[in-house]
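# Report on the structure
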Amino acid sequence: MARRFTKLPLLPGSTFREVAKENFQKAQIWTHYRGIPILSDRRRQDSVEMIELYPTEMARNLAPAWLQYDKQVLCFEGYFREVVDDDVSAYQIRNMKISFFLDDGTVQVVEPKQVDSGIPQGCIVKRQKVPAGDLHIRKFLSVLDLNVGKPLLIFNRVYHITDCDEFTRNFLKQLGINVPPAQQVPTDPAMATRKRQSNVHIRRFGVKSNKLAQFLKNDGKVLRFMAFWDDSQSDFGYVRDLILLYYLADGTVEIIEMLPPSNGREETTTFLKRMKLPKKLESFTDLDFQSSFTVLNVFGAGLTGGRLIPDSKASMDNSKDFITEKDLQIGKTLSVFGRNVVLSDCDTFTKNFYKEKYGIEEFVTVHKPLDQSMIAAKQPENDLPPFNGWGSYEDSEKNCKNLELKPSIENTKKFLQSKNEMLRFGAKLISRVKENGERTFIITYHLADDTISVYETPVRNSGFTGGQFLHRMQFFLPNQNLMASVRPKIFTPQHFYIGAKIQLSYHIFEILSADCHVFDYMEKNQNVFPYANVDTIMTKIRDAMRPHYKSFIAPYIPRLAMNNNHGGLTASFELMQEMLVNLLKQNINPHEILTICRYFDNNSTESSIKDKGSIVDWNKFISYIDLEHNLRQETD
């Protein structure tokens, strides 16, 4: 609906409030004067009261009420007394929150919700204009009707205001209204009775509360024991492998049987389903009448007309009759319905559980007895026939053990770890023919499958074309019977080192050199390659040098060179080779000499990786030998 606005004349010597009062009865429409709303005759009395009662300093800007007091609410706390069951003496106190909205003079009453109150709570009076008196008078509640300690009638229900917030108190004081202090809310008889009932000690059932606490604390925790049952005395019996599971959440036991592969049945089967395991079983009929509590008939005759409740005074703890965690120990025998099950071992979680809770430190494993029936039934393995030369040794062994022909399975783990890993050596051919001694070869050892390939380096005008000399394959060690039933041994990476002589397909090669990757690989795996183990070589050198340390070192000291960078002494590779050969004679090979020189390499030299070991740090070498005390004793 469109609003119509009318200007009111302001006579000399008259105020705006007087003009408004004189013209309210005549004006039947909405009017505004300088931003202050003036309503029709239906609400003119309330408007005049709002203009007169609100603080003057708040309306100096002459803004409309819906803008001047937007989102400003007077909040009061109170209660009303409600009669229960039409009895004046029986009543209850219901707390309320009363809100008065200043922008339009509406009121809202809300009851805060309480847990387990039993009555519908929430908004009691929706936001609206609340009549003050008879409806035909058209008078509504205003600010003057709300104050602490003042009863408030809203729709024939009397509310008692007990307190208000700080904003409401300051607002009313600005209007010149005295606000009394907060009053105490009377005690609710219903809530007092409920509080007394809640404080009464009610005896709880021990088993039920303990079961809940035990479940919440130990849910998902299981003790695992390895066990066995010796059933070899019976016909077709044997020693059965069992796994006993004890669930800490409810104290139940489950036993699983691990069947041998040759049994013909499933690998696992249930030996005992999950249940409480009794310590002593007198009769099987007792299990049907087991109960965790005693039932009482409070009143009434028979089962249909009475009321059954559990007896709280009866003894609820029947854990003494069943197996508990205290009864489970390694080496102990449990009677599982007449079958003697021996606990032999447990897992790590179970050991830690008993260490922390019971302080048990020693867990001795119990070995199960040998099953004589299984030993007698076991057939000895047949010897393999001699190799006939057809196929490979792996295929022959596999086909002799199985009726169905299956291809041999490669070592996948070794293949993935050593994929594309090769050791390359430089070698020469040992032959009576002089021209063959001048030929150079490259021997490649493939670590993924232990195969070897030989490549001849082509030399111009040598008379030999070069190229592939021996195809990639596994080569067997010499002096073996290749037609025996036992698989012959093959060449391994340990057979290859500097100075070694190997025979490949009736050709003898002498290894003269290797690439840098070979030395790095062997030095990283010193426990596998003895000629690359520095500790072993230096122990051999120290033992040989100890008897005549001074006399042996003295001739080589004048041939040492001074390191300009560090000021220490250095030795060349040729000097170290001469000294070590004179010291150990035939007990040292060229690969060990290279290992020593590479380990004590002078780091100050600006040499490439290929020249590593050409210059040796003499001081570092002598300090590693640690025989200076022998030199002092000889000097003294």
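Residues numbered from 1 in each chain as written. Predicted model: local features only at pLDDT ≥ 70, side-chain atom pairs only at ≥ 80, totals over all residues. Heavy atoms only, no water.

Most of helix α16 (residues 590-599) sits out of view: 7 of its 10 residues are buried. Buried within α16 are the following residues: H591, E592, I593, T595, I596, C597 and R598. Summarising the contacts, the buried residues of α16 are in contact with α12 (516-524), α13 (534-545), α15 (573-584), β25 (615-617) and α17 (618-625). (Buried < 20%, exposed > 50% of the residue type's maximum accessible area, 1.4 Å probe, protein only. Helix = DSSP H or I, 4+ residues; strand = E, 2+ residues; numbered from the N terminus. Contact = heavy atoms within 4.5 Å.)

In most cases, non-glycine residues show a negative phi, while peptide bonds are predominantly trans. Non-glycine residue N479 carries a positive phi angle of around 65 degrees. Examined against the element boundaries, N479 turns out to sit in the loop between β20 (467-473) and β21 (501-504). You will see that Y506, though not glycine, has its phi angle at about 65 degrees, which is positive. One can find Y506 in the loop between β21 and β22 (507-514).

Applying the stated criterion to the full structure yields 21 salt bridges. With a closest N to O distance of 3.6 Å, E257 and R240 form a salt bridge. Highlighted residues: E257 in strand β11 (residues 252-258) and R240 in strand β10 (residues 239-247), separated in sequence by 17 residues. A salt bridge links R472 to D449; the shortest N-O distance between them is 3.1 Å. Of the two residues, R472 is situated in strand β20 and D449 in the loop between β18 (440-446) and β19 (451-456); the sequence distance between them amounts to 23 residues. A residue is classified by how much of its surface remains accessible, and R472, at 46% relative accessible area, is partly exposed. The network of salt bridges with common partners includes E82, R94 and E111. (Salt bridge = Lys/Arg side-chain N within 4 Å of Asp/Glu carboxyl O.)

Okay, the packing of aromatic side chains next. All chains considered together, the criterion is met by 23 aromatic pairs. For the ring pair Y69 and F171, a centre distance of 6.5 Å and an interplane angle of 85 degrees mean the geometry is edge-to-face. Here Y69, found in the loop between α3 (65-68) and β3 (73-84), pairs with F171, found in helix α4 (residues 166-174); they are 102 residues apart in sequence, far enough to count as distant. We classify Y69 as buried; its relative accessible area is 3%. Seen in terms of ring centroids, Y497 and Y531 are 4.4 Å apart; in terms of plane orientation they differ by 65 degrees. Their pairing is edge-to-face. Pair noted here: Y497 is in the loop between β20 and β21 and Y531 is in the loop between α12 and α13, with a separation of 34 residues, a long-range link. Assessed through its relative accessible area of 27%, Y531 is described here as partly exposed. (Phe/Tyr/Trp six-rings, centres within 6.5 Å; stacked < 30°, edge-to-face > 60°.)

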